[in-house]
Amino acid sequence: MEDMKIARRPSRRMDAFLVVAGLLSTALPLEAALEKEFVWESFGHKETLKVRLPAELETHYSSKPRHYRYGSYITEDPGFELSAKLATAFQDRAKEEHLGEWEMVNMVVDFVQSLEYQSEVGEYPKYPVETLMDGGGDCEDTSILLAAILDKLGVDCIMLSPPGHMAVGVAVEALDAKHYPYNGRSYYYVETTGTNWKIGAIPPTYTGVAKIFALPASTQTRKVVIADMEIDGNFADEASLTNIMVAFYRAAIGEEDARKQPLYRYQVRIEAEEDLLTEIKEVQYRFMGVNGEIDPNIPWMRSYEPDEGFFKEWIAAEYRPMQVRIFFGDGSLVETLVNFAPKALSD
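Not measured: the values here are computed from a predicted model.

What counts, and at which threshold
Residues numbered from 1 in each chain as written. Predicted model: local features only at pLDDT ≥ 70, side-chain atom pairs only at ≥ 80, totals over all residues. Heavy atoms only, no water. Helix = DSSP H or I, 4+ residues; strand = E, 2+ residues; numbered from the N terminus. Contact = heavy atoms within 4.5 Å. Areas by Shrake-Rupley, 256 points an atom, 1.4 Å probe, with all protein chains shown as cover. Pairing = 2+ DSSP bridges. Phe/Tyr/Trp six-rings, centres within 6.5 Å; stacked < 30°, edge-to-face > 60°. Core = buried A, V, L, I, M, F, W, Y, C linked by side-chain atoms within 4.5 Å. Buried < 20%, exposed > 50% of the residue type's maximum accessible area, 1.4 Å probe, protein only. Axes fitted to C-alpha atoms, helices over the stretch in contact; angles between N-to-C directions. Parallel < 35°, antiparallel > 145°, perpendicular 65-115°, else oblique. Left-handed = near helix turned anticlockwise from the far one by under 90°. Nonpolar A, V, L, I, M, F, W, Y, C, P; charged D, E, K, R; others polar. Patch = residues over 30% accessible without salt bridge, like charges linked within 9 Å, V, L, I, M, F, W, Y side chains within 5 Å. Salt bridge = Lys/Arg side-chain N within 4 Å of Asp/Glu carboxyl O. Lys, Arg positive; Asp, Glu negative; His and termini not counted. Charge placed at Lys NZ, Arg CZ, Asp CG, Glu CD. Polar contact = N/O pair within 3.5 Å; in protein donor to acceptor, adjacent residues only side chain to side chain. Expected span 1.5 Å × (residues − 1).

S.K.: Residue-level account of the overall build of the protein chain, with values.
M.R.: Regarding its fold elements, the protein chain presents seven helices and 19 strands. A sequence separation of at least 24 residues applies to 62% of the contacts in the protein chain between residues at least 6 apart. For the protein chain, the exposed surface amounts to about 16,100 Å²; the carbon and sulfur share of it is 48%.

S.K.: Which residues make up the pairing of strand E19 (residues 333-338), and what are the values?
M.R.: Taken together, the six bridges between strand E18 (residues 322-328) and E19 define a ladder with antiparallel strand orientation. Each residue of the ladder has a partner; that of Val324, found in E19, is Thr336. Here E18 folds back onto E19 in antiparallel fashion, the turn holding four residues, of which Gly331 has a positive phi close to 95 degrees.

S.K.: So, the packing of aromatic side chains: which residues are in play, and what are the values?
M.R.: Taken as a whole and judged by the stated rule, the model has ten aromatic pairs. Put simply, the rings of Phe38, Trp40, Phe90 and Phe111 pair up and form one aromatic cluster.

S.K.: Go over the nonpolar core with me, naming the residues and quoting the values.
M.R.: In terms of nonpolar packing, the biggest core is built from 55 residues, with Phe111, Ile149, Leu150, Met159 and Ile199 touching the most fellow members. Discounting chain neighbours no more than four positions away, the residues touching Leu150 are Val105, Val108, Val155, Cys157 and Val170.

S.K.: Give a detailed account of the packing of helix H3 (residues 83-96) against helix H6 (residues 139-152), specifying residues and quantitative values.
M.R.: Direction vectors running N to C along H3 and H6 enclose 65 degrees, while the axes themselves pass 8 Å from each other. With respect to their mutual orientation, H3 and H6 come out roughly perpendicular. Like other packed secondary-structure pairs, H3 and H6 cross with a definite hand, here right-handed. The residues of H6 that touch H3, namely those facing Ser83, Ala84, Leu86, Ala87 and Phe90, are Leu145, Ala148, Ile149 and Lys152. Looking at the contact of H3 with H6 residue by residue, the classes come out as seven nonpolar, one polar and one charged.

S.K.: How would you summarise the packing of H3 against helix H4 (residues 101-113) if you had to cite specific residues and measurements?
M.R.: Any two packed helices are characterised by the angle at which their axes cross and by the distance between the axes. Close contact between H3 and H4 brings their axes to 10 Å; oriented N to C, the two are set at 125 degrees. Taken as axis vectors, H3 and H4 run oblique relative to one another. As H3 packs across H4, the resulting crossing turns out to be right-handed. Contacts between H3 and H4 involve Phe90, Gln91, Arg93 and Ala94 on the former and, on the latter, Met104, Met107, Val108 and Phe111. Taken together, the residues that form the contact of H3 with H4 break down as six nonpolar, one polar and one charged.

S.K.: So what's going on with a negative patch on the surface? Residues and values would help.
M.R.: Judged by side-chain charge, Glu274, Asp275, Glu279, Glu305, Asp307, Glu308 and Asp330 come together as a negatively charged surface patch. Considering the arrangement of structural elements, one finds Glu274 in helix H7 (residues 274-277).

S.K.: Account for the side chain of Gln284, naming residues and giving values.
M.R.: Topologically, Gln284 is positioned in strand E15 (residues 280-287). Side chain to side chain, Gln284 and Glu282 meet in a polar contact 2.8 Å long. At 2.5 Å, the side chain of Gln284 forms a polar contact with the side chain of Arg325. The residues touching Gln284, leaving out its near neighbours within four places in the chain, are Trp300, Met301, Arg302, Gln323, Val324, Arg325 and Phe327.

S.K.: Give me the lowdown on H6, citing residues and values where you can.
M.R.: The terminal C-alpha atoms of H6, which comprises 14 residues, lie 20 Å apart, in line with the 20 Å expected from a rise of 1.5 Å per residue. Burial analysis of H6 places 13 of its 14 residues in the buried class, which makes it a mostly covered element. The backbone nitrogen of Glu140 lies 3.2 Å from a side-chain oxygen of the residue at the head of H6, namely Asp138. Note on H6: the residue one or two positions beyond its end, Gly154, has a positive phi of about 80 degrees.

S.K.: Summarise the environment of Glu305; cite the residues concerned and give the values.
M.R.: Examined against the element boundaries, Glu305 turns out to sit in the loop between strand E16 (301-303) and strand E17 (312-316). Measuring from C-alpha to C-alpha, the distance between Glu305 and Glu282 comes to 7.9 Å, with 23 residues separating the pair along the chain.

S.K.: Requested: an account of the side chain of Glu191, with residues and values cited.
M.R.: Along the chain, Glu191 turns up in the loop between strand E10 (185-190) and strand E11 (210-213). A polar atom in the side chain of Glu191 sits 2.7 Å from the side chain of Tyr189. Separated by 2.3 Å, the side chains of Glu191 and Thr193 make a polar contact. Those residues in contact with Glu191 that lie beyond four places of it in its chain are Gln113, His165, Trp197, Pro203 and Tyr206.

Read these as geometric descriptors, not functional statements.
The structure is reproduced here in C-alpha cells:
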C-alpha cells in the first residue's frame with residue numbers, strides 16, 4: 001500500500017500522485033477500488049490529491065448505526081482509518097514546502113472548505129471516509145472530517161454548534177479574533193462550508209451562543225497552534241468581541257429509575273471570558289414540554305453565580321430541550337435553545 005502524498009499542481013498541467021488508503025491486508029484490483037481526485041488552492045498555489053480506496057473501507061462504515069454523538073465519528077475503527085493517513089499527507093507536504101504548523105493547519109482548512117456542500121435526504125452524520133468519497137457533505141460532515149484530521153495532527157480542537165449549524169473550534173494563541181473560552185483555552189471558530197473563511201472569522205448568522213461537543217480523550221498531547229499571520233476581511237473590526245458558549249454534559253450514574261431506565265447526571269454552564277461573565281446578571285434555564293413545546297407552567301431554574309459559570313446540575317433519565325436566557329447588567333438579553341435530544345449530547 002502506498003502512502004498518501006499531496007502535490008502542488010502547476011496550472012499548466014496535472015501533477016497528481018496516486019495514494020491508497022485502507023486495509024493493509026487488502027490487495028484489490030483497480031476495478032475494485034474507489035478513486036477520487038481533489039484539487040484546491042492554498043497560499044496561492046493549487047494542490048492536488050488523488051485517493052484510491054478499497055471499496056471495503058467505505059462499505060464498512062455504511063453499515064454502522066447512525067446517531068449524534070459526534071466524537072465516535074472522529075474515532076475511526078482500527079484497521080479502517082483514513083484520517084491518520086490524510087494527516088500524514090499534510091505533514092509531509094508541509095515539510096516539503098517548509099511550512100510551519102499554522103500554515104499546515106490552514107492548508108487542511110482550505111482542503112475541507114473546498115469540498116462541495118451537499119444537503120442530505122434523511123439527515124445523518126457521515127464518517128470521514130464517506131465525506132471524502134462523496135466529495136463533500138453538509139456542515140456536520142465536513143466539520144467531522146476537519147476535526148478528525150486535526151485531531152490526528154495533535155491539534156486541540158472541539159466541535160461548535162451555533163443554532164442550526166456545525167463548525168470546528170481550534171485552540172490558537174496570538175490570533176486577534178473572536179473566540180470561545182473553554183477549559184482554560186481559547187478556541188477559534190472554523191467554518192467548513194464555503195471557501196476563504198479564515199480561522200477566527202464567524203459568519204454573521206452564527207455569532208453568539210454555541211453548543212460544544214468535546215472530542216474523545218486522546219493518548220496524545222493536544223497542541224495549541226501559534227498563529228503567525230493575522231486574519232483579514234471585514235471581521236477585524238469585531239475582533240475584540242468574545243462569544244458566549246452554553247456547555248453541557250451528560251454522564252451515566254449507574255442507577256435506574258422506577259421504570260428501569262438508566263439515570264444520567266446532566267450539567268449545564270455558561271463559558272465565557274471572566275470579564276464577560278461578570279457582566280452577566282442572571283441566567284435562567286427552563287425545560288420544555290415532552291413534545292418540545294414551550295410550557296409556561298414549567299418553572300425557570302435561576303443562577304446568579306458567575307464564579308461557577310452559572311452552573312446547574314440535575315439527574316434524569318430522559319432528554320428534555322431547554323430554554324436558556326442570559327440577562328446582562330446593561331439590560332440586554334440573549335436567548336437560545338439547548339437541545340439534549342441525541343443531537344446535542346457531548347461525548
